[in-house]
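Commentary on secondary and tertiary structure
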Amino acid sequence: MFKKLMAGAAIAILACSAATSLRAQELTQAEKDRAMQYLERTKQGVLDATKGLSDAQWNFKAGPDRWSIAQCVEHIAAAEDFIRGSVAEKVMLAPAVPDRDLKKTDDAVVAMVPDRSHKAQAPEPLVPTNRFGSPDGSVKHFIESRAKTEEFLKTTPGLRDHAVDSPLGAKLDGYEFVLFIAAHSERHTKQILEVKADPNYPKN
């Protein structure tokens, strides 16, 4: 009887291990490629939009309640850390949410987050405070943080296994929050381009 119980326990453990393994493999190569390409494309968008700016251009504000390009980049860099940290510390420990339409939610993140027609207030921890010391410091931190996000995508199993509430009103899993990070930087790159398009923006 004891041997049968032990055998049954071993089978149960193996079954659980197999199920965990299967869940961890749910992220397809196509999904990984999509996220990696989006992370790379939006990183380049930030770098292209801020290349060669003068101090006057970095710090120009279209109005007293508007952000400068320097503030936008600081926010992008700080948010990357904040969101990725939340995924690691909270999302990956959350329960599973079955029967989600993954493709629909993935696509909604990529479509909705960069949409500047919907305004949003930055949470207090992500309001610019010159925490990186200079615009160049913000850019450097952003590049380093984006590399960590890409490594997180490459090496973290089970990104589809857990989901939590999000600012979009839908539950997002770890993978979708990676898409959210890229989409967030795209959103604020658009904001940077809006600053540069202002008629009073310094020519040099």
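Now for a description of the structure that goes with this document. (Residues numbered from 1 in each chain as written. Predicted model: local features only at pLDDT ≥ 70, side-chain atom pairs only at ≥ 80, totals over all residues. Heavy atoms only, no water.)

1. Observations regarding the environment of Val127
- When you line up the elements, Val127 lands in the loop between α5 (102-112) and α6 (135-155).
- Residue Val127 is classed as partly exposed on the basis of its relative accessible area, which comes to 27%.
- In the structure, Val127 is positioned 56 residues away from Gln71 in sequence and 8.4 Å away in space, judged by C-alpha atoms. (Helix = DSSP H or I, 4+ residues; strand = E, 2+ residues; numbered from the N terminus. Buried < 20%, exposed > 50% of the residue type's maximum accessible area, 1.4 Å probe, protein only.)

2. Comments concerning the side chain of His188
- Here His188 lies in helix α7 (residues 174-197).
- Excluding its chain neighbours within four sequence positions, the residues that come into contact with His188 are Trp67, His75 and Ile76. (Contact = heavy atoms within 4.5 Å.)

3. A look at the environment of Glu40
- Tracing the backbone through its elements, the reader meets Glu40 in helix α2 (residues 29-50).
- Note on Glu40: relative accessible area 32%, which makes it partly exposed.

4. Observations concerning the nonpolar core
- Ranked by internal contacts, the top residues of the largest apolar core, which has 26 residues, are Leu153, Leu159, Tyr175, Phe177 and Phe180.
- When contributions to this core are tallied by element, the ones reaching two or more residues are α2, α4 (69-89), α6 and α7.
- Here the element with the most residues in this core is α7; it accounts for 8 residues.
- The residues touching Leu153, leaving out its near neighbours within four places in the chain, are Leu27, Lys32, Ala35, Met36, Leu39, Leu159, Tyr175 and Val178.
- Grouped together as the second largest cluster of nonpolar side chains are 16 residues, Ala49, Phe60, Cys72 and Val195 included. (Core = buried A, V, L, I, M, F, W, Y, C linked by side-chain atoms within 4.5 Å.)

5. What about unusual backbone geometry?
- With a phi close to 60 degrees, Asp99 is a non-glycine residue in the positive phi region.
- Inspection of the secondary structure assignment puts Asp99 in the loop between α4 and α5.
- For Asp99, a relative accessible area of 80% corresponds to the exposed category.
- Of note in the backbone geometry, Asn130 takes a positive phi value of approximately 60 degrees without being a glycine.
- Note on placement: Asn130 falls in the loop between α5 and α6.

6. Some words on the packing of α4 against α7
- One way to put it is that α4 packs onto α7 with a least axis distance of 10 Å and a crossing angle of 175 degrees. When the axes of α4 and α7 are compared, the pair comes out roughly antiparallel. The segment α4 lies against α7, with Ile69, Cys72, Val73, His75, Ile76, Ala79, Glu80, Ile83, Arg84 and Val87 engaging Gly174, Phe177, Phe180, Ile181, His184, Ser185, His188, Thr189, Gln191, Ile192, Val195 and Lys196.
- Split by residue class, the contact of α4 with α7 holds 12 nonpolar, 7 polar and 3 charged. (Axes fitted to C-alpha atoms, helices over the stretch in contact; angles between N-to-C directions. Parallel < 35°, antiparallel > 145°, perpendicular 65-115°, else oblique. Nonpolar A, V, L, I, M, F, W, Y, C, P; charged D, E, K, R; others polar.)

7. Comments concerning the pattern of salt bridges
- Considering all chains together, one arrives at 15 salt bridges under this definition.
- Of the charged contacts in the structure, one is a salt bridge between Lys43 and Glu40, with a shortest N-O distance of 3.4 Å. Residue Lys43 and its partner Glu40 are both found in helix α2; the two are separated by 3 residues, about one turn of the helix.
- Exposure remark for Lys43: the relative accessible area of 18% places this residue in the buried category.
- Among the ionic pairs, Glu176 bridges to Arg160, the shortest N-O distance being 3.3 Å. With Glu176 in helix α7 and Arg160 in the loop between α6 and β1 (163-165), the pair connects residues that are 16 residues apart, well separated along the chain.
- Residue Glu176 is classed as buried on the basis of its relative accessible area, which comes to 0%.
- The exposure class assigned to Arg160 is buried, which follows from its relative accessible area of 9%. (Salt bridge = Lys/Arg side-chain N within 4 Å of Asp/Glu carboxyl O.)

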